[in-house]
Structure formats: structure tokens, C-alpha cells
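Below, each chain spelled out in residue letters.
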Amino acid sequence: MDQKIKDILDEVGKVIRGKDEQIQMVLTAILAKGHILIEDIPGVGKTTMAVCFSRAMELTERRLQFTPDVLPSDVVGFNMLDADGEMQYKPGAILCNILLADEINRTSTKTQSALLEVMEEGQVTVDGVTRQLPNPFVVVATQNPVGSAGTQMLPESQLDRFMICLSMGYPEHQDAVDILKNNGAKSLSGIQAVVTLAEWKKLQNMAEESYVSEEMYDYIVRLTENTRKHPMVRLGASPRASLALLRMAKAMGVMKGRDYVTPENVMDIYQEVLAHRIKLNMQAKAQGLEVSDILKQVFEGTKVVCVE
């Protein structure tokens, strides 16, 4: 593992206790230039983790609390007349390196859709004028479980734009005790920048340039194709999911100190990349099957084959 990556994980781990797997997965997604959806109940450290990463990596971060009255202009910005009668652009919350979109499934679908262009294209368009977002740019969105007060399901088109979806979960007893001893979020003041922006971009370039064999390209495509062929699946993984698997597998390879992709790299990130993109049919629900069960069947039934 690269020393800079280890330093980031150690720094974030000072505050986020007992969640090493989740921390590593979030860092892998940021390394892969992907967006992250964290689904969990309030109060388990979702916001704190996003702030920790931004401080440890010397990135700018903003938080936008998504409530029913948040407007698209709050996200992307707007134009207004200045004292000279000229139209002046007022930036929205989106112009930063890490945007924490808190409780994204509590706002209107119109505001949610304002995120689509920026998440996919890395740019924002207001009144016909397009502006590039800072590089890197990552959305870390949190959502409360569907069924919680004031929530609504995210549209499938938006879910597909998140590279991974994961859950924090409650801390173990001793980890919860350590959080109390560290005075909770106040320990954020101890987070130091351990990597510069230039160093982080270099790591991202390493991930992009990782070697992928023909066998691995074929393997990743068959994994997503087989989700669409499964008799218990109503909506399978899209071609965008294949791209997400590839980018995350490259990033995981770099996290493990390699400059090439292996089947183990895909196995490490398979569930987190695909679970939120899969919709089961009524037959699967009647049998009490979960998405994780179906994905396990697909993964075990898909083998790497030699491509001539």
C-alpha cells in the first residue's frame, strides 16, 4: 500500500472508530473519481467521515442539507443583477472538491435532478453558460432508510450515478466508548492534511493507468450481463455499472499496492458497486431473497476465462 494512502486511512481512523472497511471503501471510490451514497440511520458518523477525508486530503468541502425547500439554484448557483446592471454568477454549493449532500432523499425530485449533470459531467450549466467543477470533485451523499419520516426513493437514474453504496452501521461497544472519550466530533480539530492536492491527483492518475488484461475486461462485462440474465432480477446492472466496476477495481489495485487489476480486486468491491443498481422481481421477494444473495450467486457463477 502506498504510504500516502496509509497516512490518509490512519488520519481518518483517528476519528471514525471501528469502521476500517468503510473508510477504505470510501477512499477507494474517491481514488476512482466516483460518487458515494451512504444509506444509514442518523447519528452514525456519515457527515463526520466526509469532513475527515476533506481535511486529511487538503480538499475543499461544503455541506448542503437537503430539505423539501432546497431549490436547484442552491445546488448549482444562479445569476443575478449586480449594481452595474450586469448579470453576475453566484456559485451554488456544488463548487467544491467534496460535496456532502446530507439526507438527499428528503428533497424534491427537481432538486435531486440538478445533481445529475454535475455528477456525470463534472460541470455545471446555468443560463446556458457551462463552468467546470474543481478537480477532484466527489459527491458524498447520505440518505435515511426509505420509510423514515419525510423520505422518498431516489430515481434509478440517479442511483446509477453513484459509484458505490454502503452503510456505516452502529459502532461496537468499545469503539462507542472511545468516541465518547474523544468527545465525538470535536476531535475533528485534530485531523491534519497528510497529502497535497498534487500528490492525490498523482495517485488518481496511477489508478487510471493501471493495466487491465483482456480476460479482466471480459470478466467484468460478463458479471454485469449475468445480473440482467438472472431469473430473479427485474432490473440488472447497466453498462455504467461495468465502468464503475472497472474504475473501482483499478483503484482497489492501487490501494493494495498493485498497478494491475486482479479478480480479487473485483471481489473486494463487487457488492458495494452493484447492490444499489439491482432491482429484484416479485418472485425473489416472495422467497425472501436479498440483493446480496443474488449478487453472490452471480459472482460464484461467473468465472474468469482465457480470452484468445
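Conventions used here
- Residues numbered from 1 in each chain as written.
- Predicted model: local features only at pLDDT ≥ 70, side-chain atom pairs only at ≥ 80, totals over all residues.
- Heavy atoms only, no water.
- Pairing = 2+ DSSP bridges.
- Helix = DSSP H or I, 4+ residues; strand = E, 2+ residues; numbered from the N terminus.
- Axes fitted to C-alpha atoms, helices over the stretch in contact; angles between N-to-C directions.
- Buried < 20%, exposed > 50% of the residue type's maximum accessible area, 1.4 Å probe, protein only.
- Parallel < 35°, antiparallel > 145°, perpendicular 65-115°, else oblique.
- Left-handed = near helix turned anticlockwise from the far one by under 90°.
- Contact = heavy atoms within 4.5 Å.
- Nonpolar A, V, L, I, M, F, W, Y, C, P; charged D, E, K, R; others polar.

Brief notes about the sheet that holds strand E2 (residues 61-65)
An order of E2-E5-E8-E1-E9 is seen for the 5 strands of this open sheet, with the pairing classed as parallel. Sheet topology places E2 and strand E9 (164-166) at the edges, where each strand pairs with a single neighbour. When strand polarity is set aside, the average angle formed by the axes of neighbouring strands in this sheet is 15°. Of the pairings in the sheet, the one linking strand E5 (residues 98-102) to strand E8 (residues 138-143) comprises 4 bridges and is parallel in character. Within E8, the residue paired with Ala101 across the bridge is Ala141.

A few points about the pairing of E8
Most of E8 sits out of view: 6 of its 6 residues are buried. Alternating positions in E8 separate into two faces, Val138, Val140 and Thr142 on one and Val139, Ala141 and Gln143 on the other, with burial throughout. Inspection of the sheet shows strand E1 (residues 36-39) paired to E8 by 4 bridges, in the parallel sense. If you follow Glu39 over to E8, its bridge partner there is Gln143.

Comments concerning the packing of helix H9 (residues 214-229) against helix H13 (residues 291-300)
Two elements in contact, H9 and H13, have axes whose closest approach is 9 Å; the angle formed by their N-to-C orientations is 135°. Overall, the two elements H9 and H13 adopt an arrangement that is oblique. H13 is crossed by H9, and the crossing has right-handed handedness. Taken together, the residues of H13 that come into contact with H9 (itself represented by Tyr219, Leu223, Asn226 and Thr227) are Leu295, Val298 and Phe299. Within the contact of H9 with H13, the residues separate by chemical class into 5 nonpolar, 2 polar and no charged.

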